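Secondary and tertiary structure notes
Now for the letters of each chain:
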Amino acid sequence: MPEKKVTAAAIAGAVVTIVVWILRLSHIDVPAEVAAAATTLLSAVAGYLAPHTHRPDLEPPAAAQPPPATR
């Protein structure tokens, strides 16, 4: 399963691309620099706000018992 943060950022980038395309179809000129900045900002925000994916396979092993004390 992909990381939720990566998925959210990718979807945000696609959404901005589609919105810019629709704006251009509506004869609203969006400079390439503005489209790129909007994609970067929205992707960063979406990635930041998305929850972490729980990955139990990456958890550290349970702490081992300490060795017995020697006298």
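A few points on the structure. This is a predicted model, so every value here is computed, not measured. (Residues numbered from 1 in each chain as written. Predicted model: local features only at pLDDT ≥ 70, side-chain atom pairs only at ≥ 80, totals over all residues. Heavy atoms only, no water.)

**Digging into the side chain of Ser-43**
Mapped onto the elements of the fold, Ser-43 is located in helix 2 (residues 32–49). Among all residues touching Ser-43, those that are not within four sequence positions of it are Ala-9, Ala-12 and Gly-13. (Helix = DSSP H or I, 4+ residues; strand = E, 2+ residues; numbered from the N terminus. Contact = heavy atoms within 4.5 Å.)

**What about a nonpolar patch on the surface?**
Side chains of Ile-11, Val-15, Val-19 and Leu-42 sit close together on the surface and give an oily, nonpolar patch of about 320 Å² of accessible area. With 3 residues, the single largest contributor to the nonpolar patch is helix 1 (residues 4–25). Here Ile-11 shows up in helix 1. (Patch = residues over 30% accessible without salt bridge, like charges linked within 9 Å, V, L, I, M, F, W, Y side chains within 5 Å. Areas by Shrake-Rupley, 256 points an atom, 1.4 Å probe, with all protein chains shown as cover. Salt bridge = Lys/Arg side-chain N within 4 Å of Asp/Glu carboxyl O.)

**Overview of helix 2**
Taking 1.5 Å of rise per residue, the 18 residues of helix 2 would be expected to cover 26 Å, and the 26 Å separating its terminal C-alpha atoms lies within 8% of that figure. Of the positions making up helix 2, those classed as buried are Ala-35, Ser-43, Ala-46 and Gly-47. In an axial view of helix 2, the angular spread of the buried residues amounts to 95°, which keeps them on one side of the axis. Summarising the geometry of helix 2, the exposed residues directed more than 90 degrees from the buried face are Glu-33, Thr-40, Leu-41, Tyr-48 and Leu-49. Contacts made by the buried residues of helix 2 are with helix 1. (Expected span 1.5 Å × (residues − 1). Buried < 20%, exposed > 50% of the residue type's maximum accessible area, 1.4 Å probe, protein only. Arc of directions from axis to C-beta.)

**Focus: the packing of helix 1 against helix 2**
Where helix 1 meets helix 2, the axes come as close as 8 Å, and the angle between the chain directions of the two elements is 150°. Overall, the two elements helix 1 and helix 2 adopt an arrangement that is roughly antiparallel. The two elements helix 1 and helix 2 meet at a crossing, and its hand is right-handed. Along the contact surface, helix 1 presents Lys-5, Ala-8, Ala-9, Ala-12, Gly-13, Val-16, Val-20 and Arg-24, while helix 2 presents Ala-32, Ala-35, Ala-38, Thr-39, Leu-42, Ser-43, Ala-46, Gly-47 and Tyr-48. Classifying every residue of the contact of helix 1 with helix 2 gives 11 nonpolar, 4 polar and 2 charged. (Axes fitted to C-alpha atoms, helices over the stretch in contact; angles between N-to-C directions. Parallel < 35°, antiparallel > 145°, perpendicular 65-115°, else oblique. Left-handed = near helix turned anticlockwise from the far one by under 90°. Nonpolar A, V, L, I, M, F, W, Y, C, P; charged D, E, K, R; others polar.)

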